[in-house]
Amino acid sequence: MGAGLKLLRTIQKELNNTSVSLATLGLLVSTLEYPDIDIDDELTSFRQLESVLSRRIQSNSSLLQKLNEISEYLFLELRFSGNIKNYYDHKNSFINEVLNRRQGIPITLAIVYMEIASRLGIDVAGIGMPGHFLVRANDETETFYIDVFNKGTVLSKVECEEMFNDHVSASFTWDDRYLLPVDDRYIIVRLLRNLKYIYLSEDKSKKAYEVIDLIVGLEPDNVFEIRDRGMIGFRIGHQKQSIEDLKRFLEKEPVGRSAVEASSVLELLERNHKKW
């Protein structure tokens, strides 16, 4: 069994585990770049963070007080922060590096925050708002949204909408559904998709292909990821798989600019295939 298939099966197994740890899933993604990391050792960091906060948070604290305590400890005391200066550094996508460097992007900082909060018994969920990943926390009476990229600032629904309008093109309009929670599979796929674009921007086609292969494994009906695997596979010599991928894409999306590009590459691949 190849390393990629083994990793995919491990991630799928964890996703099917009802007591899945989001940090564990994030650390499994880290093995793409750091195959020798010890996930159990890395999880010790979360246990230590939880231990400190469990002593600081009072049992009768309100939800907002608990969230502020977490944010003050992580972002003011330990100085976790959004890596604004080098946002597209691929290290921002790996949980072990986020723990070591205390810098990350919204989704990886969210994974760290949610893992700690959930260990403390707080009901948290990821919010896949376009343009900016958030964390939602709620109890029986209150709901808050946390911007982990901005020092754990606690936001209201109205402030989330204002942030959306600041971050996203004016051609998109606000929809309350943007604040619906997303599941662990969505979070890991979004993390992988971020990493895919970063690797492509760094001209690391082989690394990008490994990531896309995982995404396709987790979203087997996503024909646009299948198309991308075919196009990148063409660059790095995976001709047979690329032919299969591009044919499958064109069956579902036979028209449009992407279809024209895919058809051109497929035609070239099939012409060369006859010579093999």
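Here is a short report on the structure shown in this document. (Residues numbered from 1 in each chain as written. Predicted model: local features only at pLDDT ≥ 70, side-chain atom pairs only at ≥ 80, totals over all residues. Heavy atoms only, no water.)

### Regarding the overall build of the chain
We apply this condition: Secondary structure is summarised from DSSP: a helix means a run of H or I of at least four residues, a strand means a run of E of at least two, and numbering begins at the N terminus for each. Computation of the radius of gyration draws on C-alpha atoms alone. For the globule rule, the value is 2.2 Å times the number of residues to the power 0.38. In this scheme, a residue with accessible area under 20% of its type's maximum is buried, one over 50% is exposed, and one in between is partly exposed, where area comes from a 1.4 Å probe on protein chains only. The contact criterion used throughout is that any non-hydrogen atoms of two residues lie within 4.5 Å. In this tally, Asp and Glu contribute negative charge and Lys and Arg positive charge; neither His nor the terminal groups of the chain are included. The location of each charge is read from NZ of Lys, CZ of Arg, CG of Asp or CD of Glu.
Of the regular secondary structure elements, the chain holds twelve helices and seven strands. For 276 residues, the compact-globule formula gives about 19 Å, and the C-alpha radius of gyration of the chain, at 21 Å, lands near that figure. Dimensions of the chain along its principal axes, counting C-alpha atoms only, are 75 × 45 × 35 Å. Here the chain holds 276 residues, and the buried ones make up 47% of them. At a minimum sequence separation of 6, the contacts of the chain that also span at least 24 residues come to 54%. Seen as two clouds, the 35 positive and the 42 negative side-chain charges of the chain have centres 6 Å apart.

### A closer look at the pattern of salt bridges
Side-chain pairs of opposite charge can arise whenever the charged atoms involved come near each other. Test applied: Whenever a carboxyl oxygen of Asp or Glu lies within 4 Å of a side-chain nitrogen of Lys or Arg, that contact is scored as a salt bridge.
Here the structure, examined in full by the defined rule, presents 20 salt bridges. With its nearest N and O atoms 3.3 Å apart, the salt bridge here joins Lys-157 to Asp-176. With Lys-157 in helix H7 (residues 157–167) and Asp-176 in the loop between H7 and strand S7 (181–182), the pair connects residues that are 19 residues apart, well separated along the chain. Note on Asp-176: relative accessible area 43%, which makes it partly exposed. The residue Glu-219 makes a salt bridge to Arg-193 at a minimum N-O spacing of 3.0 Å. Taken together, the residues span a long stretch of sequence, with Glu-219 in the loop between helix H9 (205–218) and helix H10 (223–236) and Arg-193 in helix H8 (residues 184–201) at a distance of 26 residues. Judged by its relative accessible area of 22%, Arg-193 falls in the partly exposed class. One connected set of salt bridges, linked through shared partners, spans Arg-193, Lys-196, Glu-219, Glu-225, Arg-227 and Asp-228.

### Let's talk about the sheet that holds S7
We count it as follows: If DSSP finds at least two bridges between two strands, the strands pair. Where helices are involved, their axes are fitted lines through C-alpha atoms of the stretch in contact, as for all axes, and angles between N-to-C directions lie from 0 to 180°.
The strand order S6-S5-S4-S3-S7 describes an open sheet built from five strands, whose pairing is antiparallel. Bordering the open sheet on either side are strand S6 (153–155) and S7, each of which pairs with just one other strand. Relative to the sheet, helix H6 (residues 106–119) contacts strand S3 (123–127), strand S4 (134–138) and strand S5 (143–147), its axis offset from that of S3 by approximately 165°.

### Observations concerning helix H4 (residues 63–77)
Put simply, the rule reads: Helix span, as expected, comes to 1.5 Å for every residue beyond the first.
Relative to the 21 Å expected for 15 residues at 1.5 Å per residue, H4 spans 20 Å between its end C-alpha atoms, a close match to the ideal helical length. The inward-facing, buried residues of H4 abut helix H3 (39–56), H6, S4, S5 and S6. Looking at the residues trailing H4, positive phi occurs at Arg-79, about 65°.

### Looking at the layout of surface pockets
Leftover empty space is mapped by rolling, across the atoms, a probe with the size of a water molecule. Cut-off, in case you're wondering: The rule is simple: put a 1 Å grid over the protein atoms alone, call a set of points where a 1.4 Å probe fits but cannot get out a cavity, call an open set with protein on both sides within 12 Å along at least five of seven lines a pocket, and count a residue as lining if it has an atom within 4 Å of a point. Grid points are joined across faces, edges and corners, and a volume is the space filled by probe spheres set on the points. Side-chain classes follow a simple rule in which Ala, Val, Leu, Ile, Met, Phe, Trp, Tyr, Cys and Pro form the nonpolar group, Asp, Glu, Lys and Arg form the charged group, and the remainder, Gly included, forms the polar group.
Of the volumes computed, that of the largest pocket is approximately 340 Å³. Lining the largest pocket we find Ala-3, Gly-4, Lys-6, Leu-7, Thr-10, Leu-28, Thr-31, Leu-32, Pro-35, Glu-210, Asp-213 and Leu-214. Elements supplying a minimum of two residues to the lining of the largest pocket: helix H1 (3–15) and H9. With five residues, the top contributor of residues to the lining of the largest pocket is H1. Grouping the amino acids of the lining of the largest pocket by side-chain chemistry returns six nonpolar, three polar and three charged. Taken as a whole, the second largest pocket encloses approximately 240 Å³ of empty space. Contributing to the lining of the second largest pocket are Tyr-87, Tyr-88, Ile-105, Pro-106, Ile-107, Gly-131, His-132, Phe-133, Arg-190, Asn-194, Tyr-197 and Ile-198. Residue assignment for the lining of the second largest pocket shows that the elements contributing at least two residues are H6 and H8.

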